[in-house]
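Below, each chain spelled out in residue letters.
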Amino acid sequence: MSATIATKSKLAIHGGTPVRTELFPAYNTITDAEKKAAMEVLDSGNLSQFLGCWMDDFFGGPKVREFEEKWSKMFNAKHTISVNSNTSGLFAAVGAAGLGPGDELIVSPYTMSASAICALVYGAVPIFADIDPDTFTLDPKSIEERITPRTKAIMVVHIFGHAADMDPIMAIARKHNLVVIEDCAQAPLTTYKGRMVGTIGDMGVYSLNYHKHIHTGEGGMVTTNNDTFAEKIQLIRNHAETSLRDKGMSDFTNMIGFNYRLTEMQCAIGSTQLDRLEAYVSERIENCHYVAGKLAQLPGITPPVERDSRHVYYVQAFKFDEAVVGVHRNAFIEAVSAELPSAHLRESTGKLIGAGYTEPLYLQPMYQTLQGTKCSFNCPRYDGKPNYGKGLCPVTEDMHYNKLFTHEYMRPPMTRADLDDFVHAFEKVYENRFDLVSKNGKH
Ligand SMILES: Cc1ncc(COP(=O)(O)O)c(C=O)c1O
């Protein structure tokens, strides 16, 4: 246990003085460089140059192309297609992969809802496989168990910024002729065995929403080394059906187009942010290693692994062992949270710490009632019967309801003093943890 351990004192949750009340600094990646880039676009009067017909402007204006090119270089991708969110990028990727009614997409249940919904918009059905208990990414063994003659694709999520185990996943995919889409929303500059995620599978999709490492307000980037997928994503982004004849396309699968276009100003801001992405990522990693070193000294609290991966820490997810600590995770994390304030610009979203992540997706009401999109589940072309019952993914459920906790207090520009306050909150609660247990043993 660290030398800075708090002495016995009343927990804030019981009316004691919290470890800290002064708000933590905001994570704000908008600098003078972004303001200048945005003003240049405003001065040009050209806020978007996309046209939804087959001509040069089909590919957008100069800032769109510059941003895509810069992204391709940094992420080692042959093609990058900007889109107006990761969600729309996932929709476009699933469309490009050709999923339709009767098909299944294997996906992790421990992710943001869009990773699975992208199947439903094309009339296909999400099938949930379990996660690895250490990396929280899809377990290749569980993927293999879920494969049926209807399986068409796998959606791999590099959750929290740690890479999924891509070698066995790609081997399974190639054996069964499945398309692999990587949801890299939380994983910019994450690597797997030295390779950048997002191009190990067939397509990768990044997010530029305002919670992410860098952002353009809303936005997304799709990477691929496959010319056909790139062409289809460009079409789906920009009213596909209007350009097909002029383009001489013969494959019309899923060629209904949308408007997923990112604007000139967002791309100018994104290009500028890209220059500092590595610095933000490195600082997060350094901060997380510091916090991990401190919390690892508390028996029963286990820092995240970094297995074959450069982990870029969108969030830092620890494991909590109730049998060792002696109180349930929920009571413990609630008490830690009471010792800490939120952060500037994030006051409305509350404390940057939570027990669990998202409810396993299959337990959400739509999957439980199968009424959200009747046609996918009850489609005459679908002869499967998806299981969305409790107990479907025991590792995910155990992590979510008992073991895992996440925090985001490591975001730049947190100082060592800020991080120490975070650590002290844990040390204080740990020292006084049995105050959380009432006389009848209940938390
Ligand atoms: C894993 C994951 N997938 C998809 C998304 C959706 O991203 P966007 O908000 O850019 O549509 C998010 C956003 O938080 C995410 O974390």
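Residues take numbers from 1 onward in each chain, read along the sequence in its written order. pLDDT decides what is reported in this predicted model: residues at 70 or higher carry local features, side-chain atom pairs at 80 or more are listed and counted, and totals for whole chains, interfaces and linings draw on all residues regardless.

**Quick word on the overall build of the protein**
Next up, step 1: In terms of regular secondary structure, the protein is built from 15 helices and 14 strands.
Next up, step 2: With respect to the three principal axes, the spread of C-alpha positions in the protein is 75 × 55 × 35 Å.
Next up, step 3: Exposure is read from a count of other C-beta atoms within 10 Å of each residue's own; the residue is exposed at 12 or fewer, buried at 20 or more and partly exposed in between. C-beta atoms are placed from the backbone. Counting the 443 residues in the protein, one finds 49% classified as buried. Only runs of H or I of at least four residues qualify as helices and only runs of E of at least two qualify as strands under DSSP, and these elements are numbered from the N terminus.

**With respect to the environment of Val 423**
Next up, step 1: Along the polypeptide, Val 423 turns up in helix 15 (residues 416-431).
Next up, step 2: Spatially, the C-alpha atoms of Val 423 and Met 170 are 39 Å apart, while their sequence positions differ by 253 residues.
Next up, step 3: A residue pair is marked as a contact if its C-beta atoms, positioned from the backbone, fall within 7 Å. Setting aside anything within four residues of it in sequence, one finds Val 423 in contact with Val 291, Lys 294 and Leu 295.

**So, the sheet that holds strand 6 (residues 191-192)**
Next up, step 1: Strand pairing requires that DSSP identify at least two bridges connecting the strands. Judged by pairing direction, the sheet is antiparallel, and its three strands sit side by side in the order 7-6-11 without closing on themselves. Of all strands in the sheet, those with a lone pairing partner are strand 7 (195-196) and strand 11 (309-310), marking the two edges.
Next up, step 2: Here strand 6 pairs with strand 7 via two bridges, running antiparallel. Across the sheet, the residue bridging to Thr 191 is Met 196, located in strand 7.

**Notes on the site of the ligand**
Next up, step 1: For each residue, a C-beta atom is placed from the backbone, and the residue counts as near a molecule or strand when that atom lies within 6 Å of it. The immediate surroundings of the ligand are formed by 15 residues, with Ser 85, Asn 86, Thr 87, Ala 185 and Ser 207 found nearest.
Next up, step 2: Those elements giving two or more residues to the shell around the ligand turn out to be helix 3 (86-97) and helix 4 (114-120).

**Quick word on unusual backbone geometry**
Next up, step 1: Residues Pro 412 and Pro 413 are joined by a peptide bond in cis, for which omega reads 5 degrees.
Next up, step 2: Relative to the assigned elements, Pro 413 resides in the loop between strand 14 (404-407) and helix 15.
Next up, step 3: Even without a glycine there, the phi angle at Phe 136 is positive, about 65 degrees.
Next up, step 4: By the secondary structure assignment, Phe 136 is in the loop between strand 3 (125-128) and helix 5 (140-146).
Next up, step 5: Using a count of 27 C-beta atoms within 10 Å as the deciding quantity, one classes Phe 136 as buried.
Next up, step 6: Its identity as a non-glycine residue notwithstanding, Phe 160 has a phi of 70 degrees, on the positive side.
Next up, step 7: Summarising the element assignment, Phe 160 is placed in the loop between strand 4 (151-157) and helix 6 (166-176).
Next up, step 8: Residue class for Phe 160 comes out buried when judged on the 24 C-beta atoms lying within 10 Å of it.

**Examining helix 9 (residues 264-295)**
Next up, step 1: Helices are assigned an expected span. That span is 1.5 Å times one less than the residue count. Between the first and last C-alpha of helix 9 there are 44 Å, a value that for 32 residues agrees with the 46 Å anticipated at 1.5 Å per step.
Next up, step 2: Bend is the name given here to the angle between axes fitted to two runs of seven residues, the run ending at a residue and the run starting at it. If you look at helix 9, its biggest bend is around 45 degrees, right at Arg 276.

**Points about the nonpolar core**
Next up, step 1: The nonpolar core criterion groups buried Ala, Val, Leu, Ile, Met, Phe, Trp, Tyr and Cys residues into a set whenever they are joined through C-beta atoms within 7 Å. Residues Ala 93, Val 94, Leu 105, Ala 119, Ala 153, Ile 154 and Ile 181 are the most contacted members of the largest nonpolar core, which totals 128 residues.
Next up, step 2: Here this core gets nine residues from one element, more than from any other, and that element is helix 9.
Next up, step 3: If we ignore the near neighbours within four places in the chain, the residues touching Ile 154 are Ile 106, Ile 143, Ile 169, Ala 173, Leu 178 and Val 180.

**Brief notes about the confidence of the model for the protein**
Next up, step 1: Known as pLDDT, the predictor's per-residue confidence is scaled from 0 to 100. When pLDDT is averaged along the protein, the result is 95, and 97% of the positions lie at 70 or above.
Next up, step 2: Within the protein, no element has a lower average pLDDT than helix 13 (residues 374-378), which sits at 83, and none a higher one than strand 5 (residues 179-183), at 99.
Next up, step 3: Every residue in residues 1-6 scores below 50 in pLDDT, and together they form 13 contacts with partners more than four places removed in sequence or on other chains.

**What about the packing of helix 9 against helix 15?**
Next up, step 1: As a packed pair, helix 9 and helix 15 sit with axes 10 Å apart at the nearest point and diverge in direction by 25 degrees. One way to sum up the angle between helix 9 and helix 15 is to call them roughly parallel. Crossing angle aside, the handedness with which helix 9 passes helix 15 is right-handed. Within the contact between the two elements, helix 9 uses Asn 287, Tyr 290, Val 291, Lys 294 and Leu 295 and helix 15 uses Leu 419, Phe 422, Val 423 and Phe 426.
Next up, step 2: Following the grouping adopted for this structure description, the nonpolar residues are Ala, Val, Leu, Ile, Met, Phe, Trp, Tyr, Cys and Pro, the charged ones are Asp, Glu, Lys and Arg, and the polar ones are all others, Gly among them. Broken down by class, the residue content of the contact of helix 9 with helix 15 amounts to seven nonpolar, one polar and one charged. The convention used is that axes are lines fitted to C-alpha atoms, helices contributing only their stretch in contact, and that angles between N-to-C directions extend from 0 to 180 degrees. Every angle not falling under 35 degrees, over 145, or within 65 to 115 is termed oblique; those three ranges are roughly parallel, roughly antiparallel and roughly perpendicular. Take the far helix as the reference: if the near one is turned anticlockwise from it by less than a right angle, the crossing is left-handed, and if turned clockwise, right-handed.

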